[in-house]
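Here is what each chain is made of, one letter per residue.
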Amino acid sequence: MSAPIYVLNGPNLNRLGTREPEIYGRTTLAEVEAMCREAAGGHPLEFRQSNREYEIIDWVHEAIDREAAGIVINPAAFTFTSIAILDALKMFPGPLIELHISNIHRREEIYHRSLVSRTATAVIAGLGAQGYPVAVGAVLELAARRKAA
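Counting of residues starts from 1 at the beginning of each chain's written sequence and follows it residue by residue. Residue-level local features of this predicted model are given only where pLDDT is at least 70; pairs of side-chain atoms are given and counted only at 80 or more, and the full residue set underlies all totals for whole chains, interfaces and linings. Hydrogen atoms and water are omitted, and side-chain values are computed over all heavy atoms in the structure.

As for the pairing of strand 4 (residues 96-100)
With a 1.4 Å probe rolled over the protein chains alone, any residue whose accessible area is under 20% of its type maximum counts as buried; one over 50% counts as exposed, and the rest are partly exposed. Strands are runs of DSSP state E lasting at least two residues, helices are runs of H or I lasting at least four, and both sets are numbered from the N terminus onward. In terms of burial, strand 4 is a largely internal element, 5 of the 5 residues being buried. Residues of strand 4 alternate between two faces, with Leu 96, Glu 98 and His 100 on one and Ile 97 and Leu 99 on the opposite face, all of them buried. Here a strand pair is declared whenever DSSP counts at least two bridges between the two strands. Here strand 3 (residues 70-74) pairs with strand 4 via 3 bridges, running parallel. Paired with Val 72 across the bridge in strand 4 is Ile 97. Crossover strand 3 to strand 4 through helix 4 (residues 83-90) is right-handed. We call a crossover right-handed when, viewed with the strands running away from us, the connection from the first strand over the helix to the second turns clockwise.

Section: the nonpolar core
Across soluble globular proteins, nonpolar side chains have a tendency to be buried as a group. Residues grouped as a nonpolar core are buried Ala, Val, Leu, Ile, Met, Phe, Trp, Tyr and Cys residues, joined through side-chain atoms within 4.5 Å. In this structure, Val 7, Val 32, Cys 36, Leu 45 and Tyr 132 are the most contacted members of the largest nonpolar core, which totals 25 residues. If you list the elements that add at least two residues to this core, you get strand 1 (5-9), helix 2 (29-40), strand 2 (45-49), strand 4 and helix 5 (131-148). Apart from residues lying up to four places away in sequence, Leu 45 is in contact with Ile 5, Val 7, Cys 36, Arg 37, Ala 40 and Val 136. Counting residues in each nonpolar core, the second largest holds 17 residues, with Ile 56, Ile 71, Leu 89 and Val 116 among its members. The contact criterion used is simple: two residues touch if any of their non-hydrogen atoms lie within 4.5 Å.

Notes on the side chain of Ser 114
Looking at the element boundaries, Ser 114 is found in the loop between strand 4 and strand 5 (122-125). Judged by its relative accessible area of 11%, Ser 114 is buried. In terms of polar contacts, Ser 114 uses its side chain to reach the backbone amide nitrogen of Val 116, at 3.2 Å. Counted as a polar contact is a pair of N or O atoms within 3.5 Å, where, for protein atoms, one must be capable of donating a hydrogen and the other of accepting one, and residues adjacent in sequence contribute only when both atoms are in side chains.

Description of the packing of helix 2 against helix 5
Two numbers describe how helix 2 lies on helix 5: the axes approach to 8 Å, and their chain directions differ by 30 degrees. Taken as axis vectors, helix 2 and helix 5 run roughly parallel relative to one another. Read as a crossing pair, helix 2 and helix 5 show a hand that is right-handed. Here helix 2 contributes Val 32, Met 35, Cys 36, Ala 39 and Ala 40 to the contact with helix 5, which in turn contributes Tyr 132, Pro 133, Val 136 and Leu 140. Under this grouping Gly is polar, as are all residues other than the nonpolar Ala, Val, Leu, Ile, Met, Phe, Trp, Tyr, Cys and Pro and the charged Asp, Glu, Lys and Arg. Class assignment for the residues of the contact of helix 2 with helix 5 results in 9 nonpolar, no polar and no charged. Only the contacting stretch of a helix is used when fitting its axis, a line to C-alpha atoms as for every element, and angles between N-to-C directions run 0 to 180 degrees. Oblique is the label for any angle not under 35 degrees, not over 145, and not in the 65 to 115 range, which are roughly parallel, roughly antiparallel and roughly perpendicular in turn. Working rule for handedness: look at the near helix, and if it is turned counterclockwise from the far one by less than a right angle, call the crossing left-handed; if clockwise, right-handed.

Written out as structure tokens, the structure is:
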């Protein structure tokens, strides 16, 4: 069986579809998961969400231990505050895509300084929920290149 892709979601993303729809849209997290699974084709995918920092860190460790194909992470508010998540992600050797539904650079200044970007392979911001399948596709391509090298 192929190594899974981890799609990790941070705090408040369980409220997608109803939380500030003018910023985040009306797509629910369940719909985002379906989009990711479709983009992954038959590739295994671990799709998770937590409002707890330690749980996200544990999942990153799990992805490391399982030699995951890649990680797509929308750390939400932890993007700007969590050195602990940054430190965990720095240990992951594979493709790492940081994802944001909104364009964080067009928002208030507090959202402009991502800690996660310091270790991410790439950043996707501002594509709305459609950024998720784009990110999954990018991980598949980057993992395939890495395997071929």
